[in-house]
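Secondary and tertiary structure notes
Residues per chain are reported as follows:
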Amino acid sequence: MGLISAVINTLAITSSLDQLLTNGASSLGLLSSSTLPKYLTNNPLPDGYPWGKHNCTNTNPYKQEVDTGVTRTYDFTISRRVLSPDGYEKNLILVNGQFPGPTIQANWGDTIVVKVTNNISSPLEGTSIHWHGFLQHNSQWMDGTPGKYCFYQFDPI
Amino acid sequence: MVIYGPTQNDYDIDVGPILLSDYYHRRYESIVKDLVSPRPKLPPLKPVSDNNLINGKMNFDCNTATDKGVKCANNAGLAKIRFQTGKRHRLRLVNTGADAAQKFSIDGHNMTVIENDFVAVEVSTI
């Protein structure tokens with residue numbers, strides 16, 4: 001009984017499909033997936049932090065924006081491809097060949113730029129990207145307007 | 001999307017995004033068509049999800065597939081996350097689903113909510 005349940009447990013955690021077939025170029029969900037830093041350090045660190053002495057009690061995102069002057073630029077190519085995330089084969093929309101898409105990383109006060117290339121085929125289809133969780137203060141038109149922009153720029157507040 | 005900022009609660013290891021999502025085997029065109037089609041005096045046709053994914057991965061019992069003609073493999077593979085004994089891990093939970101609320105817990109461990117969408121919250125351990 002112990003051996004049988006051990007075998008069943010092993011089967012349950014063993015993947016029958018390679019990551020390339022389930023998730024394309026994404027490494028999320030693999031033990032080799034990298035951990036994240038406390039903050040990005042390829043930028044100035046006034047008072048030891050990218051955002052200096054700012055914190056949640058001495059700032060107000062509606063009145064005063066933290067600005068590091070740093071811009072993080074990402075290229076997103078959107079495409080359609082057959083993958084099997086849970087084993088069931090289907091057409092998926094991918095970002096840079098990945099499902100789920102890549103992780104955007106930025107420090108508080110940075111500006112994020114995402115250049116989107118629509119490479120969706122079979123059939124051709126329009127696309128836009130909506131960014132959850134941001135005020136989009138002074139950048140409302142960057143929140144997923146279809147068609148007009150293939151370029152998004154906003155501050156992560 | 002990960003925005004680093006000041007934290008009120010320290011941690012040892014940031015394991016990164018944990019995406020929780022309902023998942024549909026039907027083409028999204030067909031789901032949207034159902035949802036927006038007029039049905040006088042009746043609620044919209046809401047699709048029933050086929051699965052729930054963690055970081056884009058989950059197993060599925062192919063015997064329960066609605067369309068048996070589609071290529072399907074059992075035990076495709078679960079998402080795996082590496083944890084270290086005795087360390088405090090930061091988990092960045094994201095509901096990337098279309099419809100449902102998501103419940104998340106870890107058997108035998110405490111989870112403390114420290115932040116919501118880059119906004120500090122009153123810390124609570126559940």
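Data block above holds the structure.
Attention here is on the structure that accompanies the text. The structure displayed is predicted, hence computed values, not measured ones.

What follows covers the overall build of chain B. From N to C terminus, chain B includes one helix and six strands. Across chain B, helices and strands are ordered from the amino to the carboxyl terminus as β-β-α-β-β-β-β. In summary, chain B has a C-alpha radius of gyration of 19 Å against a globular reference of 14 Å for 126 residues, an excess of more than 25%. In terms of principal-axis extent, the alpha carbons of chain B reach across some 50 × 35 × 25 Å. Counting every position in chain B, which comprises 126 residues, the buried fraction comes to 28%. Long-range contacts, defined here as pairs at least 24 residues apart, represent 58% of the contacts in chain B between residues at least 6 apart. On chain B, roughly 8300 Å² of surface is accessible, and the fraction owed to carbon and sulfur atoms is 52%. A distance of 6 Å separates the average location of the 16 positive side-chain charges in chain B from that of its 14 negative side-chain charges.

A grouping of V32, L35 and V36 of chain B is seen on the molecular surface, where their side chains present a nonpolar patch of about 270 Å² in accessible area. Among the secondary structure elements, V32 of chain B is positioned in helix α1 (residues 28–36).

The next point concerns the state of the cysteines. Residues and elements named next belong to chain B. Evaluation of the coordinates by the stated rule reveals one disulfide over all chains. In this model C62 forms its disulfide with C72; the gap between the sulfur atoms is 2.0 Å. Since a negative S-S torsion denotes a left-handed disulfide, the C62-C72 link at about -80 degrees is left-handed. With C62 in the loop between β3 (51–54) and β4 (89–95) and C72 in the loop between β3 and β4, the pair connects residues that are 10 residues apart, well separated along the chain. Taking relative accessible area as the criterion, C72 reaches 26% and is therefore assigned partly exposed.

Below, the discussion takes up the layout of surface pockets. All names here are of chain B. Roughly 250 Å³ of volume is contained in the second largest pocket. Lining the second largest pocket are 13 residues, with I54, A79, I81, F83 and F104 sitting closest to its centre. Its residues assigned to classes, the lining of the second largest pocket comprises 10 nonpolar, one polar and two charged.

This part is about the pairing of strand β2 (residues 13–23) of chain B. Within a regular strand, the side chains alternate between the two sheet faces. Residue and element names in this part refer to chain B. Taken across its 11 residues, β2 has 11 buried, putting it largely inside the fold. Bridge count for β2 against β4 is seven bridges, and the pairing is parallel. When the sheet's bridge partners are listed, L19 is paired in β4 with V94. In the sheet, β2 pairs with β3 via four bridges, with the strands oriented antiparallel.

Residues and elements named next belong to chain B. One open sheet holds the three strands; their spatial order is β3-β2-β4, and the pairing between them is mixed. Looking along the sheet, the strands with just one partner apiece sit at the ends: β3 and β4. Mean inter-strand twist for the sheet, computed between neighbouring axes without regard to direction, equals 20 degrees.

Each side of the interface is counted separately: chain B has 49 residues, and chain A has 49 residues. Looking only at chain B, the three residues that lose the most surface to chain A are M1, Y4 and K80 of chain B, adding up to 20% of its buried area. Connecting chain B to chain A are two salt bridges. A salt bridge links K71 of chain B to E89 of chain A; the nearest nitrogen and oxygen atoms lie 4.0 Å apart. Linking chain B to chain A there are 21 residue pairs in polar contact (both at pLDDT 80 or more). Among the elements that line the side of chain B that touches chain A, the one with the most residues is β2 of chain B, at six residues. Across the side of chain B that touches chain A, the residue classes break down as 25 nonpolar, 11 polar and 13 charged. Pairing between strand β3 (residues 105–107) of chain A and strand β1 (residues 2–4) of chain B: three bridges, direction parallel. Residue Q105 of chain A lies in a different strand from β1 of chain B, and its bridge partner there is V2 of chain B.

Our next topic: the packing of aromatic side chains. As enumerated under the stated definition, the model contains five aromatic pairs over all chains in all. Centre to centre, the rings of Y39 of chain A and Y49 of chain A are 5.6 Å apart; their planes meet at 65 degrees, and the pair counts as edge-to-face. Pair noted here: Y39 of chain A is in the loop between α2 (19–23) and β1 (71–83) and Y49 of chain A is in the loop between α2 and β1, with a separation of 10 residues, a long-range link. Measuring from centroid to centroid gives 5.8 Å for W108 of chain A and F118 of chain B, while their planes differ by 65 degrees, and the two rings are edge-to-face. In this pair, W108 of chain A is assigned in the loop between β3 and β4 (111–118) and F118 of chain B in the loop between β5 (112–116) and β6 (119–125), connecting two distinct chains. Accessibility expressed as a relative area gives 7% for W108 of chain A, which makes it buried. Through a chain of ring-to-ring contacts, three or more aromatic side chains come together here, namely Y39, Y49 and W51 of chain A. The side chain of K38 of chain A reaches across the aromatic face of Y11 of chain B, ending 4.2 Å from its centre.

Conventions we followed
Residues numbered from 1 in each chain as written. Chains lettered and ligands numbered in written order. Predicted model: local features only at pLDDT ≥ 70, side-chain atom pairs only at ≥ 80, totals over all residues. Heavy atoms only, no water. Helix = DSSP H or I, 4+ residues; strand = E, 2+ residues; numbered from the N terminus. Rg over C-alpha atoms; globule rule 2.2 N^0.38 Å. Buried < 20%, exposed > 50% of the residue type's maximum accessible area, 1.4 Å probe, protein only. Contact = heavy atoms within 4.5 Å. Areas by Shrake-Rupley, 256 points an atom, 1.4 Å probe, with all protein chains shown as cover. Lys, Arg positive; Asp, Glu negative; His and termini not counted. Charge placed at Lys NZ, Arg CZ, Asp CG, Glu CD. Patch = residues over 30% accessible without salt bridge, like charges linked within 9 Å, V, L, I, M, F, W, Y side chains within 5 Å. Salt bridge = Lys/Arg side-chain N within 4 Å of Asp/Glu carboxyl O. Disulfide = S-S within 2.5 Å. 1 Å grid on protein atoms, 1.4 Å probe; cavity = no way out; pocket = protein on both sides within 12 Å on 5 of 7 lines; lining within 4 Å. Points joined across faces, edges and corners; volume = space filled by probe spheres on them. Nonpolar A, V, L, I, M, F, W, Y, C, P; charged D, E, K, R; others polar. Pairing = 2+ DSSP bridges. Axes fitted to C-alpha atoms, helices over the stretch in contact; angles between N-to-C directions. Buried area = accessible area lost by both parts, 1.4 Å probe. Polar contact = N/O pair within 3.5 Å; in protein donor to acceptor, adjacent residues only side chain to side chain. Phe/Tyr/Trp six-rings, centres within 6.5 Å; stacked < 30°, edge-to-face > 60°. Lys NZ or Arg CZ within 6 Å of the ring centre and 35° of its normal.

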